[in-house]
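# Coordinate inspection notes
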Amino acid sequence: MKVTFLGHSTFSIQTGEKTVVLDPFVTPNQLANSIEVASIKADYVLLSHGHQDHLYDAETIARNNDAVVISSFEIASYYGAKGLKYHPMNTGGSKDFGEFKVKAVNAIHSSSLPDGMYAGNPMGFIISSGGKNIYYSGDTALTLDMQLIPLDFSIDTALLCMGDNFTMGPADALRAAGFVKTKKVIGMHFDTFPYILIDHASTIATFNNAGVELILPAIGQTIEI
Ligand code: NI
Ligand code: MN
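Counting restarts for each chain, with residues numbered from 1 along the sequence as it is written. Here chains are named by letter from A upward and ligands by number from 1 upward, in the order in which they appear as written. Residue-level local features of this predicted model are given only where pLDDT is at least 70; pairs of side-chain atoms are given and counted only at 80 or more, and the full residue set underlies all totals for whole chains, interfaces and linings. Remark: hydrogens and water are excluded; side-chain values derive from all non-hydrogen atoms of the structure.

### Here we look at the overall build of the chain
Along the chain, the regular secondary structure elements total six helices and 14 strands. Throughout, radius of gyration means the C-alpha value; the globule benchmark is 2.2 Å times the number of residues raised to the power 0.38. For 225 residues, the compact-globule formula gives about 17 Å, and the C-alpha radius of gyration of the chain, at 16 Å, lands near that figure. Dimensions of the chain, computed from C-alpha atoms along their principal axes, come out at roughly 50 × 40 × 35 Å. Every one of the 225 residues in the chain was classed for burial, and the buried ones make up 55%. Of the side chains in the chain, 14 bear a positive and 22 a negative charge, and the two mean positions are spaced by 7 Å. Going along the chain from the N terminus, every DSSP run of H or I of four or more residues is numbered as a helix, and every run of E of two or more is numbered as a strand. A 1.4 Å probe rolled over the protein chains alone gives each residue an accessible area, and that area as a share of the maximum for its type sets the label: buried under 20%, exposed over 50%, partly exposed in between. Counting rule for charge: Lys and Arg are taken as positive, Asp and Glu as negative, and neither His nor the chain ends is counted. By convention, charge coordinates are those of NZ in Lys, CZ in Arg, CG in Asp, or CD in Glu.

### A short note on the coordination of the nickel ion (ligand 1)
A donor here means any N, O or S atom no more than 2.8 Å from the metal (3.2 Å for Na, K and Ca); water is not included, so a site may seem to lack partners. Distances from the nickel ion (ligand 1) to its protein donors, H49 (NE2), H51 (ND1), H109 (NE2) and D139 (OD), fall within 2.2 to 2.3 Å. Irregular is the label for any site that misses the other tests, which are tetrahedral for four donors with all angles between 85 and 135 degrees, and square planar for four donors or octahedral for six when opposite donors exceed 155 degrees and the remaining angles lie between 65 and 115. Between the four donor atoms coordinating the nickel ion (ligand 1), the angles at the centre fall across 87 to 179 degrees, so the site counts as irregular. Between the nickel ion (ligand 1) and the manganese ion (ligand 2) the interatomic distance amounts to 3.1 Å, and D139 serves as a bridging ligand to the pair. One end of the pair, H49, is in the loop between β4 (44–46) and α1 (52–55); the other, H109, is in the loop between β8 (101–106) and β9 (123–129), with 60 residues separating them in the sequence. Classification of H109 as partly exposed rests on a relative accessible area of 26%.

### Side note on the packing of aromatic side chains
For this analysis, a ring pair means two rings from Phe, Tyr or Trp (six-membered ring only for Trp) whose centres lie within 6.5 Å, classed as stacked if their planes differ by under 30 degrees, edge-to-face if by over 60, and tilted for the remaining angles. Scanning the model with the defined rule gives nine aromatic pairs in all. A centroid spacing of 6.4 Å and a plane angle of 10 degrees characterise the contact between F5 and F190, whose relative ring orientation is stacked. With F5 in strand β1 (residues 2–5) and F190 in the loop between β12 (184–188) and α6 (200–209), the pair connects residues that are 185 residues apart, well separated along the chain. Overall, the relative accessible area of 3% leaves F5 in the buried class. Looking at F190, the relative accessible area reads 6%, which means it is buried. On the basis of an interplanar angle of 85 degrees and a centroid distance of 5.1 Å, the ring pair of Y78 and Y79 is categorised as edge-to-face. For Y79, a relative accessible area of 3% gives the class buried. Taken together through their ring pairs, the aromatic side chains of F5, F11, Y136 and F190 make up a single cluster.

### Here we look at the coordination of the manganese ion (ligand 2)
Ideal values differ by geometry: the angle at a metal is 109.5 degrees with four tetrahedral donors, but 90 or 180 degrees with six octahedral donors. Those protein atoms acting as donors to the manganese ion (ligand 2) are D53 (OD), H54 (NE2), D139 (OD) and H189 (NE2), and they sit at 2.1 to 2.2 Å. Donor residues for the manganese ion (ligand 2), ordered by position in the chain, follow D-H-x84-D-x49-H. With relative accessibility at 14%, the residue D53 sits in the buried group. Take H54: its relative accessible area is 0%, and that puts it in the buried class.

### What about the pairing of strand β10 (residues 132–136)?
Burial analysis of β10 places four of its five residues in the buried class, the great majority of the element. As judged from the five bridges shared by β9 and β10, these two strands associate in the antiparallel manner. The partner of I126 across the bridge, within β10, is Y135. Between any two strands, pairing holds if DSSP finds at least two bridges. Counting the residues in the hairpin turn of β9 and β10 gives two residues, including G130, whose phi is positive at 60 degrees. Sheet analysis places β10 next to strand β11 (residues 157–161), joined by three bridges and oriented parallel. In the sheet register, Y135 faces β11, and the bridge partner there is A158.

The following block contains the structure:
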């Protein structure tokens, strides 16, 4: 899989012929001025929860590409009511989409849509394709539930929130890497807002000292998993 960082918690994952866009928040992100939303390709748009900083551009991208929105039952149905293709899931469930599989896992956070509508429980995802498994944490606290993940999946790379304040900070993200038993982490949900600024050098050093590779990706950077 080819993983491209588009800022905040937004990634484009290429799985064979299909492109999955995760939690698109590009237009309001001043750090992501180099990314044109109109140029983003997607066959699927995967949404972890209802907060604005995870789905601001979801409708535009799904409409531009006739893509399928995959999310909680509540969020998927919300986009279905707008006439978009959708696939509802809930935590604990897995689905084979052909080129890739998704398992929805627990995230400890909150979730409501920008208009205040209830959005179900927040989620993380395991995305599997070509024999590789990526864990995408969504917005979450550190939770012991993460220890369930390696019972079924060998996680090649974990995409972990680590901006603190709203989610795990770097120390808990490092513990999360241990819980899911991965040695490779890509950071997300950092630096976009003043609340979630992190010190890059000390964060990378903390991970490396524990034997875990950490990439704090540049916007537009592509990483092969
Ligand atoms: Ni959130
Ligand atoms: Mn968030």
